[in-house]
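For reference, the chains in residue letters:
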Amino acid sequence: MKYLKVSNWGYSAQRIFIICAFSIIPLALLFTFAYLPVINMFKYSFTDWNGYSKRFDYVGFENYTRIFSDPEYFKVFIVSLYYFVATFLQMGLALYFATILSFKVRGKNFFKGILFFPYLLNGVAIGFIFLFFFKPDGTLDMLMHAVGLGQYTQLWLGNPNIINVSLAGASVWRYMGFNFIIFLGAISSIPKDVYEASDIDGANRWQQFRHIILPSITRILQLNLILAISGAISAFDIPYIMTDGSNGSMTFVIQTVHLAFKYGKLGLASAMAVVLLLIVILVTLVQRVTMKGEE
Amino acid sequence: MTQLKYTLASVVKYASLVIAAFIALLPIVVILFASLKTNAEYATSSPLAPPANWLNFANYTKAFVDGNMLVGFKNTIIILIISIIGATLTGSMIAYVLDRFKFKGKKIMVAAFLLATLIPSVTTQVATFQIINALDLFNTRWAAIVMYLGTDIIAVYIFLQFLGSISSALDESAMLDGASYFTIYWKIILPLLKPAIVTVIIVKGVNIYNDFYTPFLYMPKTDLQVISTALFKFKGPFGSQWEVISAGIMIAIIPTMIIFLLLQKYIYNGFAQGSVK
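Criteria and thresholds
Residues numbered from 1 in each chain as written. Chains lettered and ligands numbered in written order. Predicted model: local features only at pLDDT ≥ 70, side-chain atom pairs only at ≥ 80, totals over all residues. Heavy atoms only, no water. UniProt positions renumbered as here; feature names shortened; annotations may be inferred. Helix = DSSP H or I, 4+ residues; strand = E, 2+ residues; numbered from the N terminus. Contact = heavy atoms within 4.5 Å. Buried area = accessible area lost by both parts, 1.4 Å probe. Polar contact = N/O pair within 3.5 Å; in protein donor to acceptor, adjacent residues only side chain to side chain. Nonpolar A, V, L, I, M, F, W, Y, C, P; charged D, E, K, R; others polar. Patch = residues over 30% accessible without salt bridge, like charges linked within 9 Å, V, L, I, M, F, W, Y side chains within 5 Å. Areas by Shrake-Rupley, 256 points an atom, 1.4 Å probe, with all protein chains shown as cover. Salt bridge = Lys/Arg side-chain N within 4 Å of Asp/Glu carboxyl O. Buried < 20%, exposed > 50% of the residue type's maximum accessible area, 1.4 Å probe, protein only. Expected span 1.5 Å × (residues − 1). Core = buried A, V, L, I, M, F, W, Y, C linked by side-chain atoms within 4.5 Å. 1 Å grid on protein atoms, 1.4 Å probe; cavity = no way out; pocket = protein on both sides within 12 Å on 5 of 7 lines; lining within 4 Å. Points joined across faces, edges and corners; volume = space filled by probe spheres on them.

Named according to an unreviewed UniProt entry, chain A is Multiple sugar transport system permease protein originating from Paenibacillus xylanexedens. Annotation of chain A in UniProt includes, under Subcellular location (unreviewed entry), the sentence "Cell membrane". The annotation that UniProt attaches to chain A under Sequence similarities (unreviewed entry) is "Belongs to the binding-protein-dependent transport system permease family."

This is the structure:
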């Protein structure tokens with residue numbers, strides 16, 4: 001009986017038991033939902049599988065050649081560029097507000113709360129909020145009329161030249177708070193006496209930002225940049241809910257979802273996903289390597 | 001001169017904050033306005049105009065009842081609770097093993113968890129879908145639950161970070177008293193991990209509550225809809241009734257608002273800790 005209780009085992013036996021018992025579930029989940037899909041995705045990408053039929057044929061690199069030769073599939077990369085550019089605006093704003101809210105400001109917590117709050121909102125709710133914002137005679141149009149810019153109102157979501165700017169704008173609204181709060185955390189970890197010392201030396205706010213804050217948060221800045229780049233390539237929620245990819249707002253992920261689940265072109269969709277994955281990994285690796293060089 | 005420069009900087013600072021606050025709030029405030037307007041009032045008034053009657057909750061009733069939002073809340077809560085408890089346990093268990101023991105293959109395990117962060121989950125959905133299907137989990141709540149558990153590497157990181165700061169002298173003194181490794185985990189490590197657990201609950205909770213992709217793809221059945229998918233369905237039947245859609249939006253974001261106001265401090269910490277690796 002004594003040996004049935006784990007606490008009566010020797011520590012070396014316990015060790016093996018606990019390592020196995022505590023690892024098995026996390027490892028099984030990691031393999032099933034992180035690695036197995038990737039392996040399968042590579043496999044599917046070389047087939048013409050439709051997702052439900054019992055058999056499928058290997059077609060070599062046919063799916064890949066199609067992605068890179070058919071402008072229909074390649075266009076989505078251009079859409080990502082809008083989100084990518086917007087990312088810089090987003091990070092710039094986040095950094096600006098994080099910096100000024102790190103110093104003495106009236107109503108600090110109020111502004112902190114308001115700037116961060118959009119990030120916590122439900123993605124579908126945000127999609128609807130911005131449908132209402134951009135619709136004809138919606139919030140934006142009325143606001144422009146109110147300030148005398150009425151003649152510049154547009155079909156914000158109907159004009160293919162503008163639609164991605166509108167959608168990327170909504171995305172900046174949604175995610176700025178996330179970068180903001182991360183920067184705020186990083187800046188607040190800088191010891192206070194560094195500022196005091198620089199005050200005594202007569203440094204102004206800009207000099208403090210340039211020589212104290214910026215160098216201290218370089219790593220966080222780079223990390224956010226990686227997240228932003230992969231985020232731009234995998235933009236999905238906002239354009240899917242708002243436009244379903246119409247009027248030239250098709251993103252990479254919307255197209256993948258359409259191909260796989262609407263048109264049953266699972267092989268092709270997998271090939272697109274593989275391309276996306278490779279891009280993200282490449283960007284991350286380049287980033288890691290350049291980061292190492294700087295340290 | 002310095003005084004003038006200082007005042008000017010201060011004006012720019014406050015002006016930019018006020019403008020930013022306005023931009024952050026306006027899109028939500030107009031939705032609040034619209035949600036309280038009657039159909040006729042909505043049709044004739046500007047979106048920027050406040051409602052005539054601030055207590056007109058008819059749209060809320062309609063959105064809540066006709067939009068089946070109760071089902072959405074029920075499913076969301078069930079999924080949230082199971083996923084969060086599960087993620088806390090599995091995450092802290094693996095972190096305990098990885099931080100406190102030396103064994104063969106440990107490096108590979110750490111690397112496996114690290115490498116997985118490189119894979120954006122949206123890219124692998126097509127293949128993940130087949131796995132969920134093969135496991136017979138499609139159109140069950142477990143589809144979402146196992147995915148929220150399985151893809152969670154952030155939790156492991158947060159726990160690992162915290163464990164590093166808990167002295168292993170504590171473990172050793174417990175061992176002198178004859179405590180088993182499990183007792184050490186359960187009675188010493190887990191309670192000390194409380195701040196990390198709060199962080200995980202917040203970061204995960206927000207992600208799960210707001211996720212649209214997973215329930216939309218894996219649980220299309222009406223009985224299984226969550227808040228996100230319930231709201232998404234408003235697009236059909238209420239397509240042009242913006243006052244009802246607006247009420248639905250408000251119903252979906254009010255819980256977030258309340259929790260944010262109550263837990264502000266923890267939420268800020270949670271996000272700052274959750275993302276700094």
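Following the structure, the description resumes.
A. Geometry of the environment of Val283(A). Position of Val283(A) among the secondary structure elements: in helix 13 (residues 266-294). Through-space distance from the C-alpha of Val283(A) to that of Ile229(A) is 7.9 Å; in sequence the pair is 54 residues apart.

B. Focus on the interface of chain A and chain B. Counting from both sides, the interface comprises 88 residues of chain A and, opposite them, 91 residues of chain B. Here chain A and chain B share an interface that buries about 7,900 Å² over both sides, 80% of which is from carbon and sulfur atoms. Applying the counting criterion to the chain A and chain B interface returns 18 residue pairs in polar contact (both at pLDDT 80 or more). Top element by residues in the side of chain A that touches chain B is helix 1 (residues 11-44) of chain A. It accounts for 23 residues. Along the lines of polarity and charge, the residues of the side of chain A that touches chain B split into 64 nonpolar, 17 polar and seven charged.

C. The environment of Ile241(A), seen in detail. Checked against the element boundaries, Ile241(A) lands in helix 11 (residues 237-243). In this structure, the C-alpha to C-alpha distance between Ile241(A) and Gly127(A), residues 114 residues apart in sequence, is 5.6 Å. Residues contacting Ile241(A), with those up to four places away along its chain left out, are Gly123(A), Val124(A), Gly127(A), Leu131(A), Phe212(B), Phe232(B) and Lys235(B).

D. Structural view of a nonpolar patch on the surface. All names here are of chain B. On the surface, Ile77, Ile81, Ile82, Ile85, Leu89, Trp142, Phe182 and Trp186 cluster together to form a nonpolar patch covering roughly 760 Å² of accessible area. Sorting the residues of the nonpolar patch by element identifies helix 4 (69-100) and helix 10 (181-192) as the ones contributing at least two each. Examining the composition of the nonpolar patch, we find that five residues originate from one element, helix 4, more than from any other. Relative to the assigned elements, phenylalanine 182 resides in helix 10. Look at phenylalanine 182 and you get partly exposed, because its relative accessible area is 38%.

E. Highlighting the UniProt feature "transmembrane region" (unreviewed entry) in chain A. Residue and element names in this part refer to chain A. Feature annotation in UniProt places "transmembrane region" (unreviewed entry) on residues 16-36, 81-103, 115-134, 172-190, 220-242 and 266-286, given in this structure's numbering. The straight-line gap between the two end C-alpha atoms of residues 81-103 is 34 Å; of that span, 87% is helix and 0% is strand. With 90% helix and 0% strand, the stretch residues 115-134 has end C-alpha atoms that lie 21 Å from each other.

F. Structural detail: helix 10 of chain B. Over its 12 residues, helix 10 of chain B extends 15 Å from the first C-alpha to the last, a length consistent with the 16 Å expected when each residue adds 1.5 Å. Within helix 10 of chain B, the full set of buried residues consists of Tyr181(B), Ile184(B), Tyr185(B), Ile188(B), Ile189(B) and Leu190(B). Residues of helix 10 of chain B that are buried make contact with helix 1 of chain A together with helix 4, helix 8 (154-165), helix 9 (168-176) and helix 11 (194-210) of chain B.

G. Quick peek at the nonpolar core. In terms of nonpolar packing, the biggest core is built from 194 residues, with Phe116(A), Phe180(A), Leu193(B) and Phe271(B) touching the most fellow members. The element best represented in this core is helix 7 (residues 163-188) of chain A, accounting for 15 residues. Setting aside anything within four residues of it in sequence, one finds Phe271(B) in contact with Phe116(A), Tyr119(A), Leu120(A), Phe178(A), Ile181(A), Ile182(A), Ile202(B) and Val206(B).

H. Region of interest: the pattern of salt bridges. The final tally for this structure, using the stated rule, is four salt bridges over all chains. Where Asp237(A) meets Arg174(A), a salt bridge forms, and the shortest distance between an N and an O atom there is 3.8 Å. Here Arg174(A) lies in helix 7 and Asp237(A) lies in helix 11, a separation of 63 residues in the sequence. Both residues of the pair, Asp237(A) and Arg174(A), count as buried. Asp99(B) is the salt-bridge partner of Arg100(B), the closest N and O atoms lying 2.7 Å from each other. On the basis of relative accessibility, which here comes to 18%, the residue Arg100(B) falls in the buried class.

I. Spotlight on the environment of Gln225(B). All names here are of chain B. By the element assignment, glutamine 225 lies in the loop between helix 12 (213-218) and helix 13 (227-232). On the basis of relative accessibility, which here comes to 3%, the residue glutamine 225 falls in the buried class. Sequence-distant contacts of glutamine 225, that is, excluding residues within four places in its chain, are made with Gly67, Asn68, Val71, Gly72, Asn75, Ala230 and Lys233. A polar atom in the side chain of glutamine 225 sits 3.1 Å from the side chain of lysine 233.

J. Representation of empty space enclosed by the protein in the model. According to the stated counting rule, one finds four cavities of 30 Å³ or more in the structure shown. Counted as a void, the second largest cavity has a volume near 90 Å³. What lines the second largest cavity is simply Pro26(A), Leu29(A), Ala87(B), Thr90(B), Gly91(B), Ile94(B), Phe113(B), Leu149(B), Gly150(B), Asp152(B), Ala155(B) and Val156(B). Mapped onto the lining of the second largest cavity, the elements with two or more residues apiece are helix 1 of chain A together with helix 4, helix 7 (141-150) and helix 8 of chain B. With four residues, the single largest contributor to the lining of the second largest cavity is helix 4 of chain B. Taken together, the residues that form the lining of the second largest cavity break down as eight nonpolar, three polar and one charged.

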